[in-house]
Amino acid sequence: QVQLEESGGGLVQAGGSLRLSCAVSGRTFTRYAVGWFRQAPGKEREFAAAISGSGGATYYGDPVKGRSAISRDNAKSTVYLQLNSLKPEDTAVYYCAAAETPTYGGSWDYYDYWGQGTRVTVSS
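**As for the pattern of salt bridges**
Move 1: Applying the stated rule across the entire model yields 5 salt bridges.
Move 2: The residue aspartate 62 makes a salt bridge to lysine 65 at a minimum N-O spacing of 3.2 Å.
Move 3: Residue classification places aspartate 62 among the exposed positions, given a relative accessible area of 64%.

Put into structure tokens, the structure is as follows:
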């Protein structure tokens, strides 16, 4: 059983930064690609970023491209999403997800396991 737990969300002013963490427990961590998605109130879940099992490849969705960085510490079984230059429209619940493959994907249905989410609120 693979479990994911997000942390690091909170309230931040526009222009600020946050680092989200996703701790993954279960089997061999490097087997899993990990993605971050977000869902704002009344909107569909959208892709933010993903990283391959080795950490050697990353992929960003348009909403956060150029303002974010995804990384992973395989020794700690944790994936991070650094969010910079935050805007009020970044307000959402951010979810991390793991796929049963080391190759990343950009679609929510590519992923097999999900965390409960961490809320990010950006004030103007």
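Now that the structure has been shown, the text picks up again.
**Let's talk about the sheet that holds strand β1 (residues 3-7)**
Move 1: Pairing is antiparallel across the open sheet formed by 4 strands, whose spatial order is β1-β3-β8-β7. Sheet topology places β1 and β7 (68-73) at the edges, where each strand pairs with a single neighbour. Neighbouring strand axes in the sheet, compared pairwise and without regard to direction, differ in orientation by 15° on average.
Move 2: The pairing of strand β3 (residues 18-25) with strand β8 (residues 78-83) spans 6 bridges and is antiparallel. Each bridged residue has a counterpart across the sheet, and for arginine 19 the counterpart in β8 is glutamine 82.

**So, the side chain of arginine 67**
Move 1: With respect to the helices and strands, arginine 67 occurs in the loop between β6 (58-60) and β7.
Move 2: A distance of 3.0 Å separates the side chain of arginine 67 from the backbone oxygen of serine 85, its partner in a polar contact.
Move 3: Other than its neighbours up to four places away in sequence, arginine 67 contacts Gln82, Leu83, Asn84, Ser85, Leu86, Lys87 and Asp90.

Here is what the cut-offs are and how they apply
- Residues numbered from 1 in each chain as written.
- Predicted model: local features only at pLDDT ≥ 70, side-chain atom pairs only at ≥ 80, totals over all residues.
- Heavy atoms only, no water.
- Salt bridge = Lys/Arg side-chain N within 4 Å of Asp/Glu carboxyl O.
- Buried < 20%, exposed > 50% of the residue type's maximum accessible area, 1.4 Å probe, protein only.
- Pairing = 2+ DSSP bridges.
- Helix = DSSP H or I, 4+ residues; strand = E, 2+ residues; numbered from the N terminus.
- Axes fitted to C-alpha atoms, helices over the stretch in contact; angles between N-to-C directions.
- Polar contact = N/O pair within 3.5 Å; in protein donor to acceptor, adjacent residues only side chain to side chain.
- Contact = heavy atoms within 4.5 Å.

Coordinates in, geometry out; function isn't part of it.
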